[in-house]
Every structure is written in structure tokens, then in C-alpha cells.
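What the coordinates show
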Amino acid sequence: MSALLRRTKKRPADRVVTLVGKPGCHLCEDARAVVSAVCEETGASWVEKDITQDEELYKEYWEQIPVVLIDDEQHTFWRVDPGRLRKALGA
């Protein structure tokens, strides 16, 4: 059987959502509320990273914050759609 067919879908509880933002950013606050609610609902874990404290994140995402990553891959930026995030988590 090919590796592609053997792939199992990750459960939401096995996923990690990362919110990349900065203090004082109103879009980041909105994104935090959505990410927190969806992760609580689905069982996914989430972490928040401050772009002002990480030079690599700053170089990569400074024009896009807030940025949402799922398992370290970019999912979205600026606005977080709760339905799209749920779907991406497999919920």
C-alpha cells in the first residue's frame, strides 16, 4: 500500500496552532479570541509567539500579523475565520 494511502488524518487534539502577533495589536486580540475558542472546542493545543521577541518570526511575518500556523505551516493571516480554522483542524 502506498504511503499516501496509509496516511491517517490527524485528530484536532494532535494539532498545534501557533498565533504569531505582538502586544497592542487589535487584530491580534481578535485572532487570539478566535484561536482560543476554536482550540478549546476542538481539543487542539495552541501557543502564542510575540513577533517583537523573535527576530526570525519578525523577518518572516512582520507585514502579516497576526499569523496563524497549524503544525508550523501557515494557515492564515490578518483575520481568522473560525469555520475555516475548525475545518483545517479536522473538526
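Here, the structure is the one placed above.
Here is what the cut-offs are and how they apply
- Residues numbered from 1 in each chain as written.
- Predicted model: local features only at pLDDT ≥ 70, side-chain atom pairs only at ≥ 80, totals over all residues.
- Heavy atoms only, no water.
- Helix = DSSP H or I, 4+ residues; strand = E, 2+ residues; numbered from the N terminus.
- Buried < 20%, exposed > 50% of the residue type's maximum accessible area, 1.4 Å probe, protein only.
- Contact = heavy atoms within 4.5 Å.
- Phe/Tyr/Trp six-rings, centres within 6.5 Å; stacked < 30°, edge-to-face > 60°.
- Pairing = 2+ DSSP bridges.
- Axes fitted to C-alpha atoms, helices over the stretch in contact; angles between N-to-C directions.
- Parallel < 35°, antiparallel > 145°, perpendicular 65-115°, else oblique.
- Left-handed = near helix turned anticlockwise from the far one by under 90°.

Right, let's get into the overall build of the protein. When helices and strands are counted, the protein shows four helices and four strands. Going from N to C terminus, the protein has its helices and strands arranged as α-β-α-β-α-β-β-α. Seen through its principal axes, the protein has C-alpha atoms that stretch 50 × 25 × 15 Å. Here the protein, with 91 residues, has 34% of them falling under the buried criterion. Residue pairs in contact within the protein that sit at least 24 positions apart in sequence constitute 65% of those at least 6 positions apart.

A few words on the packing of aromatic side chains. Following the criterion strictly, the structure yields two aromatic pairs and no others. Ring geometry for Tyr58 against Trp62: centres 6.3 Å apart, planes inclined by 20°, an arrangement best described as stacked. Ring centres of Phe77 and Trp78 lie 4.6 Å apart, and the angle between their planes is 70°; on these two criteria the pair is classed as edge-to-face. By relative accessible area, which is 44% here, Trp78 ends up partly exposed.

With respect to the secondary-structure elements, Ala37 resides in helix 2 (residues 26-42). Between the alpha carbons of Ala37 and Val17 there is a distance of 12 Å; along the sequence they are 20 residues apart.

Let's shift gears to the pairing of strand 1 (residues 16-21). By the criterion of burial, strand 1 is predominantly enclosed, with five of the six residues buried. Looking at chain direction, strand 1 and strand 2 (residues 45-50) are connected through six bridges and run parallel. Bridge pairing in strand 2 links Gly21 to Asp50.

Packing of helix 2 against helix 4 (residues 82-89) brings their axes to within 10 Å, and their N-to-C directions diverge by 40°. Taken together, helix 2 and helix 4 sit at an angle that is classed as oblique. Of the two possible hands of crossing, helix 2 and helix 4 adopt the one that is right-handed. Listed contacts from helix 4 to Val34, Val35, Val38, Glu41 and Thr42 of helix 2 are Pro82, Leu85, Arg86 and Leu89.

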